[in-house]
Amino acid sequence: MACRVGVERWGVIPQGHVSEGIEVDRVELTAHGHSCKLITLGCTVTELKVDMGDGCIDVVLGFDDLDSYASRSPFFGCVVGRHAGRLEPQFTIDGEAYKVAGSDGGGGGIDVRTNLHGGTVGWDKRVWKIIAQGTAADSASVTFAYTSPHLEEGFPGEVQAELTYRLTTGGELHLEYAASVDRPTIVSMTNHTYFNLNRDHTDGIRDHTLVLECAEYAKCDASGTGVPTGEVAPVGGTVHDFQEPKVLGPAIDAIARESPLWPHGEGFIIAENRGRDANQLGGGGMADLATVAILGCPASRLVLTVLSSEPQVQTYYATLLDPTVGKHGTVYNKHGAICLETHRCANAVNRPAFPSQIIRPGDPYRQHTVWRFTAQ
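Overview of the structure. (Residues numbered from 1 in each chain as written. Predicted model: local features only at pLDDT ≥ 70, side-chain atom pairs only at ≥ 80, totals over all residues. Heavy atoms only, no water.)

Side note on the nonpolar core
Residues L48, Y165 and F373 are the most contacted members of the largest nonpolar core, which totals 67 residues. By size, the runner-up hydrophobic cluster in this structure holds 18 residues, among which are I39, L61, F63 and A318. (Core = buried A, V, L, I, M, F, W, Y, C linked by side-chain atoms within 4.5 Å. Buried < 20%, exposed > 50% of the residue type's maximum accessible area, 1.4 Å probe, protein only.)

Structural data, given as structure tokens:
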């Protein structure tokens, strides 16, 4: 089957929503039976079907309509930026202080001053432009772009961001991020797709198994805000140890018992990428990417392997997804999916022990993450 790219007008963002009145396109990438649908609102992955030989499995949660993505999406499938994760609302770059918008509180944190995923109107709520599309013998791709102005959500500097999705005949979706800036600023992007490898998404991911190639995790304080303190702790001997396969249900329950104020997920330090230059890795080839996570579903016999250039992977166990009506009327419940968000260490600008998040003119941001699907 040939590789193809299709683009269609999907709708107009309704009045009363951010970016109201702007037209939104939907892109479909097809490669040897695999397919991926994306929309220009937030570069969002709305559907990702993996060819199993006896049919396809849609492995991501989402909605059927544009209004739901514009008004009630819990970050389904979208790009996150400028800053992925939780950030204290003030920081200093080169001696100059900045204050950014607080946007948490409705998303699991207890401190509304915390900047979550870039602010009240992050890049997930912006309509991106399609600037390129193409096919090769073994892939189909599309590139989106967005220009974030100086002081958007309080962040300094103009950022010209791009994100390319490339679907291969081998069952891989590549996410290749790039950004350039006109003054020093924070850039840390990720994708917030909710994965469920079951054929029926009314079944959650408690039966899935997870391996993380991570020997450490970034600790948060005991307040339940989820903001990293800068302390890194070994996972060995703790409930956070996924170095060997674990069934997610019992593992999530153990984490909730130990951390009742913060049962939502952790920021794990990717062992192979510790001390390496993420921008250099992100601009390199497949050989430069570390294996980050292996997620398996015994019922479907489908496996997702995540590879990335990034120093951290943030897990989210969909603790707040209770209930949400999604595609085809399916009701998604608590623990109905898992997010595996690869990015720069959250709150690093305020924690010198973490690798820097600061991007400077002439030193562009690069990230390369791969989702590889295989049938067992």
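Some words on the pattern of salt bridges
Under the defined criterion, the tally for this structure stands at 17 salt bridges. D54 is the partner of R199 in a salt bridge, and the nearest nitrogen-oxygen pair spans 3.3 Å. Here the residue R199 occupies a position in the loop between β16 (190-191) and β17 (209-212), and D54 occupies one in the loop between β4 (44-51) and β5 (56-58), the gap between them amounting to 145 residues. On the basis of relative accessibility, which here comes to 48%, the residue R199 falls in the partly exposed class. Exposure remark for D54: the relative accessible area of 60% places this residue in the exposed category. A cluster of three or more residues bridged by salt bridges with shared partners is formed by R9, E23 and D25. (Salt bridge = Lys/Arg side-chain N within 4 Å of Asp/Glu carboxyl O. Helix = DSSP H or I, 4+ residues; strand = E, 2+ residues; numbered from the N terminus.)

Examining the sheet that holds strand β18 (residues 216-220)
Pairing is antiparallel across the open sheet formed by five strands, whose spatial order is β19-β18-β21-β24-β27. Unpaired on one side and paired on the other, β19 (228-234) and β27 (339-343) mark the two borders of the sheet. Each neighbouring strand pair of the sheet contributes to a mean axis angle of 30°, computed without reference to strand direction. Across four bridges, the pairing between β18 and β19 is antiparallel. Paired with C220 across the bridge in β19 is P228. (Pairing = 2+ DSSP bridges. Axes fitted to C-alpha atoms, helices over the stretch in contact; angles between N-to-C directions.)

Some remarks on the pairing of strand β29 (residues 365-375)
As a general feature of sheets, a regular strand has side chains that alternate between the two faces. Bridging between strand β14 (residues 172-181) and β29 involves eight bridges; their strand directions are antiparallel. When the bridges of β29 are listed, Y177 appears paired with Q367. Of the strand pairs in this sheet, strand β23 (residues 302-308) and β29 are connected by seven bridges, and their pairing is antiparallel. By the bridge assignment for β29, V306 is matched with W371.

Some remarks on the sheet that holds β4
In space, the five strands of this open sheet follow the order β1-β2-β3-β4-β5, with antiparallel pairing throughout. Bordering the open sheet on either side are β1 (4-12) and β5, each of which pairs with just one other strand. For this sheet the average axis-to-axis angle between neighbouring strands, irrespective of direction, equals 15°.

Some thoughts on helix α2 (residues 248-258)
Every α-helical turn comprises 3.6 residues, leaving residues that sit three or four positions apart pointing alike. Along α2, the residues that are buried comprise L248, G249, A251, I252, A254 and I255. Of the surrounding secondary structure, the elements contacted by the buried residues of α2 are β17, β20 (246-247) and β22 (290-297). (Contact = heavy atoms within 4.5 Å.)

Some thoughts on unusual backbone geometry
Omega for the bond connecting G81 with R82 falls within 30 degrees of zero, at 0°, which places this linkage in the cis form. Examined against the element boundaries, R82 turns out to sit in the loop between β6 (79-80) and β7 (86-87). Notably, E153 is not glycine yet its phi reads approximately 55°, a positive angle. When its relative accessible area of 18% is taken as the criterion, E153 is described as buried. Even without a glycine there, the phi angle at R301 is positive, about 60°. Looking at where R301 falls in the secondary structure, it is placed in the loop between β22 and β23.

Considerations on the environment of V79
Looking at the secondary structure, you find V79 in strand β6. Between the alpha carbons of V79 and V7 there is a distance of 19 Å; along the sequence they are 72 residues apart. Once residues within four sequence positions are removed from consideration, V79 is found in contact with G42, C43, W123, D124, W128, L163, Y177, M189, T190 and N191.

Description of the side chain of T143
Counting through the fold element by element, T143 comes out in strand β12 (residues 139-148). Since its relative accessible area comes to 10%, T143 is described here as buried. A polar contact is formed between the side chain of T143 and the side chain of T164, at a distance of 2.6 Å. (Polar contact = N/O pair within 3.5 Å; in protein donor to acceptor, adjacent residues only side chain to side chain.)

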